[in-house]
Amino acid sequence: MPLDWTKVMDRYAGGTTIPTVAGGKTLQITGVDDAGVHIRNSLWRDTLAREHLEKAADLIESDAMSRHAGLFVEEYRALVVDARATSAAHVLKDLGFLE
């Protein structure tokens, strides 16, 4: 199933906190718009670009990337973009794309 951006916007509108893939910690999502999912922690703020999340979801669905969150991070860096791969894993796991 491709990443349905309308569902992403509905899920993260107004912001939320999601669990990390390792558990025990959380990732703060501050909002979402057509550009991407906006995230922050105590040291930084950033945006996970919509185009990168959609590309990753497509690669996962076509079995070109692993569904295992630990393996996904390195593949994301190599195949999608070398930026905030762990945060992307948290979001895609929350959306049901990763184990």
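The text that follows walks through the structure, step by step, so that each part is easy to find. (Residues numbered from 1 in each chain as written. Predicted model: local features only at pLDDT ≥ 70, side-chain atom pairs only at ≥ 80, totals over all residues. Heavy atoms only, no water.)

### Some remarks on the nonpolar core
Counting 30 residues, the largest nonpolar core has Tyr12, Val37, Phe72, Val91 and Leu92 as the members making the most contacts within it. For this core, the elements supplying multiple residues, two or more each, are α1 (5-12), β2 (26-32), β3 (36-40), α2 (50-61), α3 (69-79) and α4 (85-94). (Core = buried A, V, L, I, M, F, W, Y, C linked by side-chain atoms within 4.5 Å. Buried < 20%, exposed > 50% of the residue type's maximum accessible area, 1.4 Å probe, protein only. Helix = DSSP H or I, 4+ residues; strand = E, 2+ residues; numbered from the N terminus.)

### Details of the environment of leucine 27
Structurally, the position occupied by leucine 27 is in strand β2. The sequence separation of leucine 27 and lysine 55 amounts to 28 residues, and the corresponding C-alpha distance is 21 Å. Excluding residues within four positions of it along the chain, leucine 27 makes contact with Thr16, Thr17, Ile18, Thr20, Ile39, Arg40, Ser87, His90 and Val91. (Contact = heavy atoms within 4.5 Å.)

### Examining the packing of aromatic side chains
Evaluated as defined, the whole model comprises one aromatic pair. Centroid distance phenylalanine 72 to tyrosine 76: 5.4 Å. Interplanar angle 40 degrees. Geometry classified as tilted. Taken together, the positions of phenylalanine 72 and tyrosine 76, both in helix α3 and four residues apart, correspond to about one turn of that helix. Directly above the aromatic system of tryptophan 44 lies the positively charged group of arginine 84, at a separation of 3.6 Å from the ring centroid. (Phe/Tyr/Trp six-rings, centres within 6.5 Å; stacked < 30°, edge-to-face > 60°. Lys NZ or Arg CZ within 6 Å of the ring centre and 35° of its normal.)

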